[in-house]
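Here's the letter readout for the chains.
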Amino acid sequence: MLELLRKYRIPLFAVCLLLAALFLYSANLRGREETNSFERLALQLTLPLQEGLSTLTGGTTAWAGSFFTFGSRAENLRMAAENRQLRAELDNLQEIRLTNERLRRLLKFKEELALPALPAQIIALDASSWFRTVAIDKGSVDGLREGLAVVVAEGAVGRIIRVTPHQARVLLITDASSAEAALVQESRARGVCRGQGDRLTLEFTLRREEVAIGDRIITSGTGGVFPKGLVLGAVAAVANHPFGLFQSISVVPAVDFSRLEEVLVLLPGAQP
Amino acid sequence: MTRIGGYFALGYLFMVLQTAVLPWFFPFHFTPDLILVLIVYLGLNEGYLRGSLLAYLLGSLMDVFAGYYLGLYGLALLATFLAVRGAAGRLNTESSMLLLFMVFCGTLVEGLLLIILGSLADAGPLWLLIASRLGPQALLNLVAAWVLLRIAAGVQRRMAPRLQIPGLQRLDSRYEP
(Lines give C-alpha, C1' and ligand atoms only; values in the text may rest on other atoms or scores of the structure.)
Protein backbone atom coordinates (compact mmCIF):
# COMPACT_ATOMS: atom_id res chain seq x y z
CA MET A 1 0.00 0.00 0.00
CA LEU A 2 2.79 2.37 1.01
CA GLU A 3 4.66 1.43 -2.16
CA LEU A 4 1.59 2.24 -4.23
CA LEU A 5 1.19 5.61 -2.54
CA ARG A 6 4.83 6.38 -3.15
CA LYS A 7 4.55 5.39 -6.80
CA TYR A 8 1.53 7.56 -7.43
CA ARG A 9 2.38 10.38 -5.00
CA ILE A 10 2.47 13.11 -7.66
CA PRO A 11 -0.91 12.33 -9.28
CA LEU A 12 -2.40 11.93 -5.79
CA PHE A 13 -0.91 15.24 -4.68
CA ALA A 14 -2.32 16.95 -7.79
CA VAL A 15 -5.80 15.45 -7.29
CA CYS A 16 -5.85 16.45 -3.60
CA LEU A 17 -4.83 20.01 -4.46
CA LEU A 18 -7.45 20.29 -7.18
CA LEU A 19 -10.17 18.93 -4.89
CA ALA A 20 -9.19 21.37 -2.14
CA ALA A 21 -9.27 24.27 -4.63
CA LEU A 22 -12.64 23.09 -5.97
CA PHE A 23 -14.01 22.91 -2.43
CA LEU A 24 -12.82 26.47 -1.70
CA TYR A 25 -14.30 27.72 -4.98
CA SER A 26 -17.64 26.11 -4.24
CA ALA A 27 -17.62 27.50 -0.66
CA ASN A 28 -16.90 30.99 -2.00
CA LEU A 29 -19.82 30.77 -4.43
CA ARG A 30 -22.24 30.69 -1.52
CA GLY A 31 -20.98 33.85 0.19
CA ARG A 32 -20.02 35.88 -2.87
CA GLU A 33 -22.05 38.96 -1.91
CA GLU A 34 -19.52 40.01 0.72
CA THR A 35 -15.94 41.19 0.44
CA ASN A 36 -13.66 38.89 2.45
CA SER A 37 -10.49 39.94 4.26
CA PHE A 38 -8.14 38.53 1.57
CA GLU A 39 -9.87 40.59 -1.12
CA ARG A 40 -9.93 43.66 1.11
CA LEU A 41 -6.20 43.38 1.84
CA ALA A 42 -5.23 42.82 -1.81
CA LEU A 43 -7.40 45.70 -3.01
CA GLN A 44 -6.16 48.06 -0.31
CA LEU A 45 -2.52 47.29 -1.04
CA THR A 46 -2.99 47.87 -4.75
CA LEU A 47 -5.09 51.04 -4.59
CA PRO A 48 -2.21 53.57 -4.36
CA LEU A 49 -0.38 51.89 -7.25
CA GLN A 50 -3.49 51.76 -9.42
CA GLU A 51 -4.34 55.39 -8.68
CA GLY A 52 -0.79 56.49 -9.47
CA LEU A 53 -0.66 54.51 -12.70
CA SER A 54 -4.13 55.66 -13.70
CA THR A 55 -3.02 59.29 -13.39
CA LEU A 56 0.16 58.45 -15.28
CA THR A 57 -1.60 56.68 -18.17
CA GLY A 58 -4.13 59.53 -18.38
CA GLY A 59 -1.20 61.93 -18.53
CA THR A 60 0.61 59.79 -21.08
CA THR A 61 -2.19 60.03 -23.60
CA ALA A 62 -2.26 63.81 -23.19
CA TRP A 63 1.52 64.14 -23.58
CA ALA A 64 2.04 61.47 -26.21
CA GLY A 65 1.08 63.74 -29.10
CA SER A 66 3.60 66.36 -28.15
CA PHE A 67 6.37 63.84 -27.42
CA PHE A 68 6.41 62.44 -30.93
CA THR A 69 6.72 65.86 -32.56
CA PHE A 70 10.37 66.09 -31.52
CA GLY A 71 12.32 68.02 -34.20
CA SER A 72 15.64 66.73 -35.53
CA ARG A 73 17.30 69.92 -36.79
CA ALA A 74 19.81 71.25 -34.29
CA GLU A 75 19.19 74.99 -35.05
CA ASN A 76 15.51 74.58 -34.32
CA LEU A 77 15.95 72.82 -30.99
CA ARG A 78 14.93 75.77 -28.86
CA MET A 79 11.88 76.51 -30.99
CA ALA A 80 10.99 72.85 -31.16
CA ALA A 81 11.23 72.60 -27.37
CA GLU A 82 9.03 75.65 -26.99
CA ASN A 83 6.63 74.25 -29.55
CA ARG A 84 6.47 70.93 -27.66
CA GLN A 85 5.80 72.72 -24.41
CA LEU A 86 3.03 74.77 -25.95
CA ARG A 87 1.55 71.70 -27.59
CA ALA A 88 1.68 69.85 -24.28
CA GLU A 89 -0.07 72.76 -22.58
CA LEU A 90 -2.65 72.82 -25.34
CA ASP A 91 -3.20 69.06 -24.99
CA ASN A 92 -3.51 69.52 -21.25
CA LEU A 93 -6.06 72.31 -21.70
CA GLN A 94 -7.96 70.20 -24.20
CA GLU A 95 -8.01 67.32 -21.69
CA ILE A 96 -9.21 69.67 -18.94
CA ARG A 97 -11.94 71.03 -21.25
CA LEU A 98 -13.13 67.51 -22.09
CA THR A 99 -13.10 66.47 -18.41
CA ASN A 100 -15.00 69.65 -17.59
CA GLU A 101 -17.63 68.82 -20.21
CA ARG A 102 -18.04 65.26 -18.91
CA LEU A 103 -18.31 66.42 -15.30
CA ARG A 104 -20.79 69.14 -16.25
CA ARG A 105 -22.96 66.53 -17.99
CA LEU A 106 -22.68 64.25 -14.95
CA LEU A 107 -23.58 67.10 -12.60
CA LYS A 108 -26.61 68.01 -14.71
CA PHE A 109 -27.69 64.37 -14.63
CA LYS A 110 -27.18 64.25 -10.85
CA GLU A 111 -29.48 67.28 -10.45
CA GLU A 112 -32.08 65.72 -12.74
CA LEU A 113 -31.85 62.43 -10.89
CA ALA A 114 -32.86 64.14 -7.59
CA LEU A 115 -31.38 61.21 -5.68
CA PRO A 116 -28.37 61.15 -3.35
CA ALA A 117 -25.38 60.18 -5.50
CA LEU A 118 -21.62 60.19 -5.10
CA PRO A 119 -19.29 60.92 -8.03
CA ALA A 120 -16.33 58.55 -8.45
CA GLN A 121 -13.50 58.08 -10.86
CA ILE A 122 -12.51 54.84 -12.58
CA ILE A 123 -8.97 53.88 -11.66
CA ALA A 124 -8.61 50.34 -13.03
CA LEU A 125 -10.26 47.86 -15.37
CA ASP A 126 -10.72 44.10 -15.12
CA ALA A 127 -7.52 42.04 -15.14
CA SER A 128 -8.88 39.53 -17.66
CA SER A 129 -10.40 39.72 -21.12
CA TRP A 130 -13.42 37.61 -20.13
CA PHE A 131 -15.04 39.69 -17.39
CA ARG A 132 -16.29 43.27 -17.28
CA THR A 133 -15.53 44.99 -14.00
CA VAL A 134 -13.94 48.32 -13.08
CA ALA A 135 -12.43 49.74 -9.88
CA ILE A 136 -13.50 53.15 -8.58
CA ASP A 137 -11.73 55.48 -6.14
CA LYS A 138 -14.50 55.57 -3.49
CA GLY A 139 -15.12 53.01 -0.76
CA SER A 140 -16.88 52.24 2.50
CA VAL A 141 -15.62 55.42 4.20
CA ASP A 142 -17.58 57.35 1.56
CA GLY A 143 -20.73 55.37 2.36
CA LEU A 144 -20.50 52.71 -0.34
CA ARG A 145 -21.47 49.08 0.16
CA GLU A 146 -22.03 45.98 -1.98
CA GLY A 147 -25.12 46.09 -4.19
CA LEU A 148 -25.31 49.86 -4.82
CA ALA A 149 -26.13 50.99 -8.36
CA VAL A 150 -23.60 52.85 -10.51
CA VAL A 151 -24.84 55.14 -13.30
CA VAL A 152 -23.79 57.86 -15.76
CA ALA A 153 -25.84 60.44 -17.68
CA GLU A 154 -26.31 57.99 -20.60
CA GLY A 155 -27.72 55.21 -18.42
CA ALA A 156 -26.98 52.30 -16.08
CA VAL A 157 -23.35 51.20 -15.62
CA GLY A 158 -23.41 48.37 -13.08
CA ARG A 159 -23.46 47.51 -9.40
CA ILE A 160 -20.85 47.43 -6.65
CA ILE A 161 -19.61 43.91 -5.86
CA ARG A 162 -16.57 44.50 -3.61
CA VAL A 163 -15.86 47.32 -1.19
CA THR A 164 -12.75 48.34 0.76
CA PRO A 165 -12.42 51.56 2.81
CA HIS A 166 -11.14 53.61 -0.13
CA GLN A 167 -11.95 51.58 -3.23
CA ALA A 168 -14.77 49.55 -4.75
CA ARG A 169 -15.18 47.19 -7.68
CA VAL A 170 -18.15 47.51 -10.00
CA LEU A 171 -19.66 44.66 -12.05
CA LEU A 172 -20.70 46.23 -15.36
CA ILE A 173 -24.09 45.42 -16.91
CA THR A 174 -22.22 43.98 -19.91
CA ASP A 175 -20.56 41.25 -17.79
CA ALA A 176 -21.87 37.75 -18.56
CA SER A 177 -22.93 37.21 -14.95
CA SER A 178 -24.92 40.45 -14.84
CA ALA A 179 -28.72 40.40 -15.32
CA GLU A 180 -31.20 43.24 -14.73
CA ALA A 181 -34.98 43.33 -14.74
CA ALA A 182 -35.91 45.47 -17.76
CA LEU A 183 -38.78 47.02 -19.73
CA VAL A 184 -39.15 47.96 -23.39
CA GLN A 185 -39.95 51.67 -23.01
CA GLU A 186 -42.43 51.86 -25.92
CA SER A 187 -44.46 48.66 -25.47
CA ARG A 188 -43.77 48.15 -21.71
CA ALA A 189 -42.90 44.52 -22.47
CA ARG A 190 -40.89 42.91 -19.67
CA GLY A 191 -37.68 40.92 -19.82
CA VAL A 192 -34.27 40.33 -18.28
CA CYS A 193 -31.35 42.24 -19.73
CA ARG A 194 -28.22 40.08 -19.65
CA GLY A 195 -24.61 41.03 -20.39
CA GLN A 196 -22.81 39.42 -23.32
CA GLY A 197 -19.40 41.03 -23.01
CA ASP A 198 -19.73 44.02 -25.32
CA ARG A 199 -23.49 44.05 -25.84
CA LEU A 200 -26.68 42.95 -24.07
CA THR A 201 -29.56 40.61 -24.78
CA LEU A 202 -33.14 40.95 -23.62
CA GLU A 203 -34.33 37.54 -22.49
CA PHE A 204 -37.71 36.12 -21.47
CA THR A 205 -39.73 38.64 -23.51
CA LEU A 206 -42.84 36.84 -24.77
CA ARG A 207 -43.23 36.31 -28.51
CA ARG A 208 -46.57 38.11 -28.59
CA GLU A 209 -44.99 41.37 -27.29
CA GLU A 210 -44.23 44.02 -29.91
CA VAL A 211 -40.57 44.96 -29.98
CA ALA A 212 -39.01 46.99 -32.79
CA ILE A 213 -35.45 47.89 -33.70
CA GLY A 214 -34.46 51.14 -32.00
CA ASP A 215 -36.82 50.71 -29.01
CA ARG A 216 -35.23 51.81 -25.76
CA ILE A 217 -34.69 49.29 -22.97
CA ILE A 218 -34.96 50.72 -19.46
CA THR A 219 -34.62 49.31 -15.94
CA SER A 220 -37.94 48.17 -14.50
CA GLY A 221 -37.01 48.99 -10.91
CA THR A 222 -37.99 45.52 -9.71
CA GLY A 223 -34.52 43.99 -9.61
CA GLY A 224 -33.57 45.62 -6.30
CA VAL A 225 -30.48 47.39 -7.65
CA PHE A 226 -31.42 50.13 -10.15
CA PRO A 227 -34.23 52.67 -9.78
CA LYS A 228 -36.92 52.51 -12.46
CA GLY A 229 -36.37 54.24 -15.81
CA LEU A 230 -32.59 54.16 -16.25
CA VAL A 231 -31.63 53.49 -19.87
CA LEU A 232 -29.86 50.18 -20.50
CA GLY A 233 -29.65 50.36 -24.29
CA ALA A 234 -31.52 50.25 -27.59
CA VAL A 235 -32.81 47.23 -29.50
CA ALA A 236 -30.43 46.34 -32.35
CA ALA A 237 -32.01 43.12 -33.65
CA VAL A 238 -35.12 41.03 -33.01
CA ALA A 239 -35.47 37.37 -33.96
CA ASN A 240 -38.95 35.94 -33.59
CA HIS A 241 -38.56 32.20 -34.03
CA PRO A 242 -41.60 30.21 -35.15
CA PHE A 243 -41.24 28.00 -32.08
CA GLY A 244 -40.60 28.67 -28.39
CA LEU A 245 -42.12 31.10 -25.92
CA PHE A 246 -39.67 33.98 -26.10
CA GLN A 247 -38.06 36.34 -28.62
CA SER A 248 -34.31 36.74 -29.13
CA ILE A 249 -33.52 40.43 -28.74
CA SER A 250 -30.07 41.95 -29.14
CA VAL A 251 -29.44 45.27 -27.36
CA VAL A 252 -26.68 47.85 -27.85
CA PRO A 253 -25.70 49.39 -24.47
CA ALA A 254 -26.48 53.09 -24.06
CA VAL A 255 -23.18 53.66 -22.26
CA ASP A 256 -19.90 53.54 -24.17
CA PHE A 257 -17.96 51.42 -21.69
CA SER A 258 -14.67 51.88 -23.52
CA ARG A 259 -14.77 55.61 -22.73
CA LEU A 260 -16.01 55.45 -19.16
CA GLU A 261 -14.02 57.71 -16.81
CA GLU A 262 -16.34 59.19 -14.19
CA VAL A 263 -19.49 57.61 -12.70
CA LEU A 264 -22.15 58.30 -10.07
CA VAL A 265 -22.87 55.81 -7.28
CA LEU A 266 -26.49 55.95 -6.09
CA LEU A 267 -26.33 56.04 -2.29
CA PRO A 268 -28.54 53.85 -0.03
CA GLY A 269 -31.37 56.39 0.25
CA ALA A 270 -31.73 56.29 -3.53
CA GLN A 271 -32.17 52.55 -3.86
CA PRO A 272 -35.53 51.24 -5.04
CA MET B 1 11.72 31.25 -0.12
CA THR B 2 13.34 34.25 -1.78
CA ARG B 3 12.44 32.80 -5.16
CA ILE B 4 8.79 32.36 -4.15
CA GLY B 5 8.78 35.97 -2.96
CA GLY B 6 10.35 37.07 -6.24
CA TYR B 7 7.79 35.20 -8.32
CA PHE B 8 4.95 36.58 -6.21
CA ALA B 9 6.29 40.15 -6.51
CA LEU B 10 6.54 39.69 -10.28
CA GLY B 11 2.99 38.31 -10.38
CA TYR B 12 1.78 41.27 -8.35
CA LEU B 13 3.51 43.68 -10.74
CA PHE B 14 1.91 41.89 -13.69
CA MET B 15 -1.47 42.18 -11.98
CA VAL B 16 -1.12 45.93 -11.50
CA LEU B 17 -0.06 46.30 -15.14
CA GLN B 18 -3.03 44.20 -16.28
CA THR B 19 -5.55 46.32 -14.37
CA ALA B 20 -4.16 49.85 -14.49
CA VAL B 21 -1.98 50.15 -17.59
CA LEU B 22 -2.48 47.55 -20.34
CA PRO B 23 -6.30 47.80 -20.73
CA TRP B 24 -5.95 51.45 -21.80
CA PHE B 25 -3.69 50.47 -24.71
CA PHE B 26 -5.52 47.41 -26.09
CA PRO B 27 -8.84 47.73 -27.92
CA PHE B 28 -11.95 45.51 -27.70
CA HIS B 29 -11.38 44.52 -24.05
CA PHE B 30 -8.39 42.35 -24.92
CA THR B 31 -5.66 42.32 -22.29
CA PRO B 32 -2.56 40.11 -22.46
CA ASP B 33 -2.65 37.58 -19.62
CA LEU B 34 0.82 38.07 -18.12
CA ILE B 35 -0.09 35.99 -15.06
CA LEU B 36 -0.76 33.00 -17.32
CA VAL B 37 2.65 33.48 -18.97
CA LEU B 38 4.20 33.40 -15.49
CA ILE B 39 2.23 30.27 -14.55
CA VAL B 40 3.43 28.49 -17.72
CA TYR B 41 6.99 29.56 -16.94
CA LEU B 42 6.57 28.14 -13.41
CA GLY B 43 5.21 24.92 -14.91
CA LEU B 44 8.34 24.54 -17.01
CA ASN B 45 10.83 25.42 -14.30
CA GLU B 46 9.50 24.79 -10.82
CA GLY B 47 8.63 21.72 -8.77
CA TYR B 48 5.12 20.54 -8.00
CA LEU B 49 4.87 21.82 -4.42
CA ARG B 50 6.36 25.27 -4.85
CA GLY B 51 4.72 25.81 -8.24
CA SER B 52 1.26 24.67 -7.09
CA LEU B 53 1.36 26.97 -4.08
CA LEU B 54 2.38 29.92 -6.25
CA ALA B 55 -0.14 29.10 -8.98
CA TYR B 56 -3.00 29.01 -6.48
CA LEU B 57 -1.82 32.18 -4.74
CA LEU B 58 -1.46 34.09 -8.01
CA GLY B 59 -4.81 32.72 -9.18
CA SER B 60 -6.47 33.95 -5.99
CA LEU B 61 -4.88 37.35 -6.53
CA MET B 62 -6.27 37.33 -10.06
CA ASP B 63 -9.71 36.53 -8.63
CA VAL B 64 -9.63 39.74 -6.60
CA PHE B 65 -9.13 41.82 -9.75
CA ALA B 66 -11.00 39.81 -12.37
CA GLY B 67 -14.62 38.80 -12.52
CA TYR B 68 -17.02 38.00 -9.75
CA TYR B 69 -16.21 34.48 -8.55
CA LEU B 70 -13.51 34.13 -5.91
CA GLY B 71 -11.57 30.90 -6.40
CA LEU B 72 -12.32 30.57 -10.12
CA TYR B 73 -8.90 31.68 -11.35
CA GLY B 74 -7.23 30.02 -8.34
CA LEU B 75 -8.54 26.64 -9.47
CA ALA B 76 -8.13 27.30 -13.22
CA LEU B 77 -4.51 28.47 -12.91
CA LEU B 78 -3.63 25.64 -10.51
CA ALA B 79 -4.99 23.10 -13.00
CA THR B 80 -3.16 24.86 -15.85
CA PHE B 81 0.10 24.75 -13.87
CA LEU B 82 -0.35 21.03 -13.13
CA ALA B 83 -1.09 20.32 -16.82
CA VAL B 84 2.03 22.23 -17.96
CA ARG B 85 4.15 20.65 -15.19
CA GLY B 86 2.95 17.20 -16.18
CA ALA B 87 3.87 17.81 -19.83
CA ALA B 88 7.20 19.47 -18.97
CA GLY B 89 8.70 16.17 -17.78
CA ARG B 90 8.53 14.85 -21.34
CA LEU B 91 9.85 17.98 -23.11
CA ASN B 92 12.98 20.10 -23.44
CA THR B 93 12.11 22.87 -21.00
CA GLU B 94 15.14 25.02 -21.88
CA SER B 95 13.70 25.92 -25.28
CA SER B 96 12.07 29.33 -25.46
CA MET B 97 9.95 28.13 -28.39
CA LEU B 98 8.43 25.57 -26.03
CA LEU B 99 7.48 28.34 -23.60
CA LEU B 100 5.68 30.18 -26.41
CA PHE B 101 3.93 27.01 -27.53
CA MET B 102 2.93 26.19 -23.95
CA VAL B 103 1.56 29.73 -23.45
CA PHE B 104 -0.63 29.23 -26.51
CA CYS B 105 -1.83 25.81 -25.27
CA GLY B 106 -2.10 27.11 -21.67
CA THR B 107 -4.49 29.86 -22.81
CA LEU B 108 -6.72 27.25 -24.46
CA VAL B 109 -6.62 25.02 -21.36
CA GLU B 110 -7.37 27.95 -19.06
CA GLY B 111 -10.25 29.07 -21.30
CA LEU B 112 -11.74 25.59 -21.30
CA LEU B 113 -11.44 25.36 -17.51
CA LEU B 114 -13.08 28.77 -17.07
CA ILE B 115 -15.98 27.64 -19.25
CA ILE B 116 -16.46 24.46 -17.18
CA LEU B 117 -16.03 26.15 -13.79
CA GLY B 118 -18.12 29.15 -14.86
CA SER B 119 -21.00 26.84 -15.70
CA LEU B 120 -20.94 25.61 -12.08
CA ALA B 121 -21.40 29.19 -10.94
CA ASP B 122 -24.26 30.04 -13.31
CA ALA B 123 -22.08 32.61 -15.08
CA GLY B 124 -24.56 33.16 -17.90
CA PRO B 125 -23.19 33.25 -21.46
CA LEU B 126 -19.56 33.37 -20.26
CA TRP B 127 -18.83 30.26 -22.34
CA LEU B 128 -19.97 32.06 -25.48
CA LEU B 129 -17.74 35.04 -24.77
CA ILE B 130 -14.71 32.87 -24.06
CA ALA B 131 -15.31 30.54 -27.01
CA SER B 132 -15.59 33.46 -29.45
CA ARG B 133 -12.45 35.24 -28.25
CA LEU B 134 -10.16 32.40 -27.20
CA GLY B 135 -8.19 32.26 -30.48
CA PRO B 136 -7.20 35.96 -30.57
CA GLN B 137 -6.50 35.86 -26.82
CA ALA B 138 -4.12 32.88 -27.27
CA LEU B 139 -2.27 34.77 -30.02
CA LEU B 140 -2.09 37.92 -27.89
CA ASN B 141 -0.68 35.91 -24.95
CA LEU B 142 1.85 34.31 -27.28
CA VAL B 143 3.04 37.75 -28.44
CA ALA B 144 3.14 38.96 -24.81
CA ALA B 145 5.27 35.92 -23.85
CA TRP B 146 7.64 36.64 -26.75
CA VAL B 147 8.00 40.29 -25.66
CA LEU B 148 8.56 39.25 -22.03
CA LEU B 149 11.24 36.78 -23.15
CA ARG B 150 13.04 39.49 -25.09
CA ILE B 151 12.84 41.87 -22.12
CA ALA B 152 14.05 39.16 -19.68
CA ALA B 153 16.97 38.23 -21.94
CA GLY B 154 17.90 41.90 -22.41
CA VAL B 155 17.68 42.68 -18.70
CA GLN B 156 19.73 39.60 -17.83
CA ARG B 157 22.49 40.52 -20.29
CA ARG B 158 22.70 44.17 -19.29
CA MET B 159 21.96 44.15 -15.57
CA ALA B 160 23.17 40.78 -14.35
CA PRO B 161 25.09 38.77 -16.97
CA ARG B 162 26.16 36.20 -14.35
CA LEU B 163 22.67 35.77 -12.94
CA GLN B 164 21.09 32.42 -13.69
CA ILE B 165 17.41 32.82 -14.46
CA PRO B 166 15.93 29.31 -14.46
CA GLY B 167 14.94 28.27 -17.94
CA LEU B 168 16.53 31.29 -19.61
CA GLN B 169 20.17 30.17 -19.70
CA ARG B 170 20.00 28.65 -23.14
CA LEU B 171 17.64 30.95 -24.95
CA ASP B 172 17.50 30.83 -28.69
CA SER B 173 19.93 33.35 -30.15
CA ARG B 174 17.07 35.28 -31.74
CA TYR B 175 15.90 36.45 -28.31
CA GLU B 176 19.27 37.86 -27.37
CA PRO B 177 19.79 41.53 -28.10
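These figures come from a predicted structure and were not determined experimentally. Each chain carries its own residue numbering, running from 1 in the direction its sequence is written. Here chains are named by letter from A upward and ligands by number from 1 upward, in the order in which they appear as written. Note on the predicted model: pLDDT of at least 70 is required for a residue's local features to be given, and 80 or more for side-chain atom pairs to be given and counted; whole-chain, interface and lining totals, by contrast, use all residues.

A word on the overall build of chain A
Right, so step 1: A run of H or I in DSSP counts as a helix once it spans at least four residues, and a run of E counts as a strand once it spans at least two, with each numbered from the N terminus. Each helix and strand counted, chain A has four helices and twelve strands in total.
Right, so step 2: Any residue surrounded by 20 or more other C-beta atoms within 10 Å of its C-beta is treated as buried, while 12 or fewer makes it exposed and the intermediate range makes it partly exposed; C-beta atoms here are placed from the backbone. Expressed as a percentage of its 272 residues, the buried residues of chain A come to 35%.
Right, so step 3: Two residues qualify as being in contact provided that their C-beta atoms, derived from the backbone, are within 7 Å of each other. Expressed as a percentage of contacts within chain A between residues at least 6 apart in sequence, the contacts between residues at least 24 apart total 56%.

Considering the packing of helix α2 (residues 34-45) of chain B against helix α3 (residues 48-65) of chain B
A pair of packed helices is characterised by two quantities: the angle between their axes and the separation of those axes.
Residue and element names in this part refer to chain B.
Right, so step 1: Think of each axis as a best-fit line through the C-alpha atoms, taken over the contacting stretch in the case of a helix, with angles from 0 to 180 degrees between the N-to-C directions. For the pair α2 and α3, interaxial distance at closest approach is 10 Å and the crossing angle is 175°. The angle between α2 and α3 falls in the class roughly antiparallel. Contact residues: α2 offers I35, L38, I39, L42 and G43, while α3 offers G51, L54, A55, L58 and M62. When an angle is under 35 degrees it counts as roughly parallel; over 145 it counts as roughly antiparallel; between 65 and 115 it counts as roughly perpendicular; any other value is oblique.

Quick look at the interface of chain A and chain B
Right, so step 1: Each partner contributes residues to the interface: chain A has 42 residues there, and chain B has 43 residues.
Right, so step 2: Elements with a contribution of two residues or more to the side of chain A that touches chain B: α2 (9-30), α3 (37-67), β1 (117-125) and β7 (190-195) of chain A.
Right, so step 3: Residues belonging to the side of chain A that touches chain B are distributed by class as follows: 25 nonpolar, twelve polar and five charged. Basically, the charged four are Asp, Glu, Lys and Arg, the nonpolar ten are Ala, Val, Leu, Ile, Met, Phe, Trp, Tyr, Cys and Pro, and anything else, Gly included, counts as polar.

Focus on the environment of G71(B)
Right, so step 1: Relative to the assigned elements, G71(B) resides in the loop between α3 and α4 (72-88).
Right, so step 2: Those residues in contact with G71(B), other than ones at most four positions away along the chain, are A21(A), L24(A), Y25(A), N28(A) and D63(B).

Re the confidence of the model for chain B
All names here are of chain B.
Right, so step 1: Here chain B averages 84 in pLDDT, while 88% of its residues score no lower than 70.
Right, so step 2: As a per-residue quantity, pLDDT reports the predictor's confidence and falls between 0 and 100. Here residues 170-177 is modelled with pLDDT under 50, and outside its nearest four sequence neighbours on either side it reaches 15 contacts, counting other chains as well.
Right, so step 3: Interface scoring of the predicted complex returns ipTM 0.81; its pTM is 0.79.

Examining the sheet that holds strand β12 (residues 262-266) of chain A
All names here are of chain A.
Right, so step 1: Read around the closed barrel, six strands run β1-β2-β5-β4-β3-β12, paired in antiparallel fashion. Put simply, the sheet's adjacent strands are angled 45° from each other on average, direction ignored.
Right, so step 2: Being paired, for any two strands, means DSSP has found at least two bridges between them. Note: strand β2 (residues 133-136) against strand β5 (residues 167-172), four bridges, orientation antiparallel. Within β5, the position partnered with I136 by the bridge is A168.

Some words on α2(A)
Right, so step 1: An expected span of 1.5 Å times one less than the residue number is assigned to each helix. End to end, α2(A) covers 32 Å across 22 residues, agreeing with the expected 32 Å (1.5 Å per residue, within 8%).
Right, so step 2: Of the positions making up α2(A), those classed as buried are L17(A), A21(A) and Y25(A). Each buried residue of α2(A) sits inside an arc of 75° when the element is viewed along its axis, so together they form one side. Residues of α2(A) that are exposed and angled more than 90 degrees away from the buried face: R9(A), P11(A), V15(A), C16(A), L19(A), F23(A), A27(A) and R30(A).
Right, so step 3: The elements touched by buried residues of α2(A) are α3, α4 and α5 (96-120) of chain B. Directions pointing from the helix axis toward each C-beta atom define the arc.

Re the sheet that holds strand β8 (residues 200-203) of chain A
Residue and element names in this part refer to chain A.
Right, so step 1: The strand order around the closed barrel built from six strands is β6-β7-β8-β11-β10-β9, with neighbouring strands paired in antiparallel fashion. Adjacent strand axes in the sheet meet at a mean angle of 40° when their direction is disregarded.
Right, so step 2: In this sheet, β7 lies alongside strand β6 (residues 179-184) in antiparallel orientation, the contact comprising five bridges. Bridging across to β7, A181 finds its partner in V192.

Observations concerning α5(B)
Right, so step 1: Helix length check: α5(B) (25 residues) gives 36 Å between terminal C-alpha atoms against 36 Å at 1.5 Å per residue, within 8%.
Right, so step 2: Residues of α5(B) that are buried include every one of S96(B), L99(B), M102(B), V103(B), G106(B), T107(B), E110(B), G111(B), L113(B), L114(B), L117(B) and G118(B), and no others.
Right, so step 3: Of the surrounding elements, those touching the buried residues of α5(B) are α2 of chain A together with α2, α4 and α6 (126-159) of chain B.
Right, so step 4: Immediately beyond the C-terminal end of α5(B), within one or two residues, lies D122(B), with a positive phi of roughly 55°.

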